[in-house]
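Read off the chains here:
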Amino acid sequence: MDRLGAKWIKIAVLYFALGIGYGLFMHYTIQLKWAATHAHINLVGWVSAAIIGLIYSVYKDAGETTLAKAQFWLFNIGLPFLLLGMIFIYVDVPRGVMEFCVSGGGSAVALSVVLFVVNVYKNVKPKT
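All figures in this text were calculated on a predicted structure; none of them were measured in a lab.

Caption draft 1: Inspection of the packing of helix α1 (residues 4-29) against helix α2 (residues 35-58) at higher detail. It is the contact of α1 with α2, at a shortest axis distance of 8 Å, that shows an interaxial angle of 160°. Considered as vectors, α1 and α2 are oriented roughly antiparallel to each other. α1 and α2 meet at a crossing whose hand is left-handed.

Spelled out as structure tokens, the structure:
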């Protein structure tokens, strides 16, 4: 089974491909109003996930904690909901669905970041 760092990196490259594809879609359809979603795919999905994966690859003890596993699942369940909710802002869906996705997904991602910070401060130690 892959270590958690490798899983983060593999998910990050999927967000990278999605971000490039979404950017091309915006360009060819001239739907520039979705730039915030595009930015979240790239910065939260690609860049943040890749950096987390690199940190957990270098500091393997931090990547094997219960905090790291909970953070992984909160982030990777929450982010797709957040991104869908951001798309739903400009699509004709019931407001409650959009708010659930943005608030629920965004809260899950925010909580995962809190768990990441706690995990880093508890388990990332200088190499001796």
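Additional details are given in the paragraphs that follow.
Caption draft 2: The pattern of salt bridges, seen in detail. For the coordinates displayed, the defined rule picks out two salt bridges. Residue E64 pairs with R3 through a salt bridge whose shortest N-O separation is 1.8 Å. Taken together, the positions of E64 in the loop between α3 (60-63) and α4 (66-88) and R3 in the segment before α1 put the pair 61 residues apart, joining distant regions of the chain. For E64, a relative accessible area of 42% translates into the label partly exposed. A salt bridge links E99 to R95; the nearest nitrogen and oxygen atoms lie 2.8 Å apart. A residue pair is termed a helical-turn pair when its members lie 3 or 4 positions apart in one helix, as E99 and R95 do in helix α5 (residues 95-123) at four residues. Exposure remark for E99: the relative accessible area of 35% places this residue in the partly exposed category.

Caption draft 3: Region of interest: α1. Across its 26 residues, α1 extends 37 Å between first and last C-alpha, which sits within 8% of the 38 Å expected from 1.5 Å per residue. Those residues of α1 lying buried are L4, G5, W8, A12, Y15, G19, Y22, G23 and M26. In this structure, the buried residues of α1 make contact with α2, α3 and α4. Residue I30 follows α1 closely and has a positive phi angle near 55°.

Caption draft 4: Seen up close, the side chain of T37. Structurally, T37 can be placed in helix α2. Residue class for T37 comes out buried when judged on its relative accessible area of 2%.

Reading the values: the criteria
- Note that residues are indexed from 1 along each chain, following the sequence as it is written.
- Since the coordinates come from a predicted model, pLDDT governs what is reported: local features require at least 70, and pairs of side-chain atoms require 80 or more to be given and counted, while whole-chain, interface and lining totals use all residues.
- Each side-chain value is worked out from all heavy atoms of the structure, with water and hydrogens disregarded.
- For helices, the fitted axis covers only the stretch in contact; all axes are lines through C-alpha atoms, and the angles between them, taken along N-to-C directions, range from 0 to 180 degrees.
- Helix numbering and strand numbering both begin at the N terminus, where a helix is a DSSP run of H or I of at least 4 residues and a strand a DSSP run of E of at least 2.
- Orientation labels follow simple angle bins: below 35 degrees gives roughly parallel, above 145 gives roughly antiparallel, 65 to 115 gives roughly perpendicular, and whatever is left gives oblique.
- In a left-handed crossing the near helix is turned counterclockwise from the far helix by less than a right angle, and in a right-handed crossing that turn is clockwise.
- Salt bridges are defined as contacts in which a side-chain nitrogen from Lys or Arg sits within 4 Å of a carboxyl oxygen from Asp or Glu.
- For every residue, the accessible area (1.4 Å probe, protein chains only) is compared with the maximum for its type, and the residue is labelled buried under 20%, exposed over 50%, or partly exposed between those bounds.
- Multiplying 1.5 Å by the helix residue count minus one yields the expected span of that helix.
- Contacts were defined at the residue level, with two residues in contact if any of their heavy atoms lie within 4.5 Å.

Just geometry here; none of it tells us what the structure is for.
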